[in-house]
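# Topology and contacts: notes
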Amino acid sequence: MDHKDGVLSHLRCAVQGYLSKHMYTSATFWADKAVSLSGESLEDVYYFIQCLLHSGEHHRVVHLLSSGKWRDLGKEHLIFTYLTARAHASCSQWSEVISLLEPAIEEDFSLGVYLNSPPWKGCPLGDLRSECHLIYGVSLEKIENYQTAVEHYRKALQYDPLCYEALENLNRHESSAERRASRCREVPQTLSG
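All of the points below concern the structure found in this document. (Residues numbered from 1 in each chain as written. Predicted model: local features only at pLDDT ≥ 70, side-chain atom pairs only at ≥ 80, totals over all residues. Heavy atoms only, no water.)

### A short note on the overall build of the chain
Short version of the rule: Only runs of H or I of at least four residues qualify as helices and only runs of E of at least two qualify as strands under DSSP, and these elements are numbered from the N terminus. Each residue is assigned to one of three classes by its accessible area relative to the maximum for its type, calculated with a 1.4 Å probe on protein chains only: buried under 20%, partly exposed between the two thresholds, exposed over 50%.
A tally of helices and strands in the chain yields 10 helices and 0 strands. Overall, the chain shows an N-to-C arrangement of helices and strands of α-α-α-α-α-α-α-α-α-α. Every one of the 193 residues in the chain was classed for burial, and the buried ones make up 41%.

Below is the structure:
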């Protein structure tokens with residue numbers, strides 16, 4: 001291992017350490033250095049984006065992954081499309097989330113975007129289809145397209161039966177629909193009584 005690799009390894013450990021201690025400013029600073037030193041390896045870009053998200057720099061993430069120098073990463077790796085969608089969602093930019101994820105969802109994630117092979121060894125996120133359907137459903141719900149949102153919560157649970165957020169949203173919609181139906185049934189009885 002040469003000096004550069006040793007320094008890079010040390011920086012990556014520092015980033016992980018600061019992330020685990022919730023020291024996001026320090027993690028972001030050193031992740032940025034790791035990106036530069038590694039020549040923008042996907043792993044280092046991923047951890048830098050994670051640090052920015054944890055630091056609340058959602059607009060910066062949107063810029064870097066949508067119009068910045070890494071705008072094409074989402075075309076090749078679903079993980080970066082997902083992170084961009086997450087950043088848009090954090091900024092309450094629901095139509096952007098929908099337009100970003102819609103092509104992949106409509107094609108059932110077969111657009112040449114990786115599913116089973118992570119972009120680097122040890123990638124912490126493998127199959128992101130559930131998370132994409134979840135955030136897509138949340139975005140649809142925010143623009144009041146409830147019926148389609150429910151369909152995507154169901155799809156999220158098909159891909160990941162343990163996705164609690166999808167289950168919670170689905171249960172909330174189904175129970176509120178049942179309450180609305182119950183109230184509608186009660187109205188004629190109230191009027192006739």
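### With respect to empty space enclosed by the protein
Spelled out, the test is: Within this scheme a cavity is a closed region of a 1 Å grid, computed over the protein atoms alone, that accommodates a 1.4 Å probe without allowing it to escape, whereas a pocket is open but has protein on both sides within 12 Å along at least five of seven lines; lining residues each have an atom within 4 Å of a point. Grid points are joined across faces, edges and corners, and a volume is the space filled by probe spheres set on the points. Under the scheme applied, nonpolar residues are Ala, Val, Leu, Ile, Met, Phe, Trp, Tyr, Cys and Pro; charged residues are Asp, Glu, Lys and Arg; polar residues are all the others, including Gly.
The full count for this structure, using the stated rule, is 1 cavity of 30 Å³ or more. Its volume calculated, the largest cavity comes out at about 40 Å³. Taken together, Arg12, Val15, Gln16, Ala31, Ala34, Asp44 and Tyr47 make up the full set of residues lining the largest cavity. Elements with a minimum of two residues in the lining of the largest cavity: helix H1 (3-20), helix H2 (24-37) and helix H3 (42-54). With 3 residues, the top contributor of residues to the lining of the largest cavity is H1. Here the residues of the lining of the largest cavity are counted per class, giving 4 nonpolar, 1 polar and 2 charged.

### A look at the pattern of salt bridges
Note the cut-off: When a carboxyl oxygen of Asp or Glu is within 4 Å of a side-chain nitrogen of Lys or Arg, the pair counts as a salt bridge.
Inspection of every chain in the model, using the stated rule, returns 4 salt bridges. Its salt-bridge partner being glutamate 40, residue lysine 69 comes within 3.1 Å of it at the nearest N-O pair. Here lysine 69 is found in the loop between helix H4 (58-67) and helix H5 (73-76), whereas its partner glutamate 40 is found in the loop between H2 and H3, with 29 residues between them in sequence. According to the relative accessible area criterion, lysine 69 is exposed, its value standing at 58%. Across the pair glutamate 57 and arginine 60 runs a salt bridge, and its minimum N-O distance is 3.1 Å. Taking the relative accessible area as the measure of exposure, glutamate 57 reaches 29% and is therefore partly exposed.

### Re the packing of aromatic side chains
Put simply, the test is: When the centres of two rings from Phe, Tyr and Trp lie within 6.5 Å, Trp using its six-membered ring, the rings pair. Their planes under 30 degrees apart give stacked, over 60 give edge-to-face, and anything left gives tilted.
Enumeration over the complete set of coordinates arrives at 3 aromatic pairs. Ring centres of phenylalanine 48 and tryptophan 70 lie 6.1 Å apart, and the angle between their planes is 85°; this geometry places the pair in the edge-to-face category. With phenylalanine 48 in helix H3 and tryptophan 70 in the loop between H4 and H5, the pair connects residues that are 22 residues apart, well separated along the chain. Taken as a pair, phenylalanine 48 and tryptophan 70 share a single burial class, namely buried.

### A few points about H1
Which entries qualify depends on this criterion: Here a helix's expected span is defined as the number of its residues, less one, multiplied by 1.5 Å. Each direction from the helix axis to a C-beta atom contributes to the arc, which is the arc of those directions. The criterion used for residue contact is that any of the two residues' heavy atoms lie within 4.5 Å.
If you check H1, its first and last C-alpha atoms are 26 Å apart, about what 18 residues at 1.5 Å a residue would give, namely 26 Å. Among all positions in H1, only Leu8, Leu11, Val15 and Leu19 are buried. With its buried residues spanning 70° around the axis, H1 presents them on a single face. Away from its buried face, by an angle of more than 90 degrees, H1 presents the exposed residues His3, His10, Cys13 and Ser20. Against H2 and H3 lie the buried residues of H1. Histidine 22, located one to two residues past H1, shows a positive phi value of around 60°.

### What about unusual backbone geometry?
Residue histidine 22 is not a glycine yet carries a positive backbone phi of 60°. The residue histidine 22 is located in the loop between H1 and H2 in this model. Relative accessible area serves as the criterion here: at 57%, histidine 22 is assigned to the exposed category.

### Regarding the environment of tyrosine 47
Secondary-structure assignment places tyrosine 47 in helix H3. Judged by relative accessible area, tyrosine 47 falls into the buried class, the value being 17%.

### Quick notes on the side chain of threonine 84
Along the polypeptide, threonine 84 turns up in helix H6 (residues 78-90). If sequence neighbours within four positions are ignored, threonine 84 has contacts with Val62, Leu65, Ser66 and Leu100.

By themselves, these figures tell us nothing about what the structure is for.
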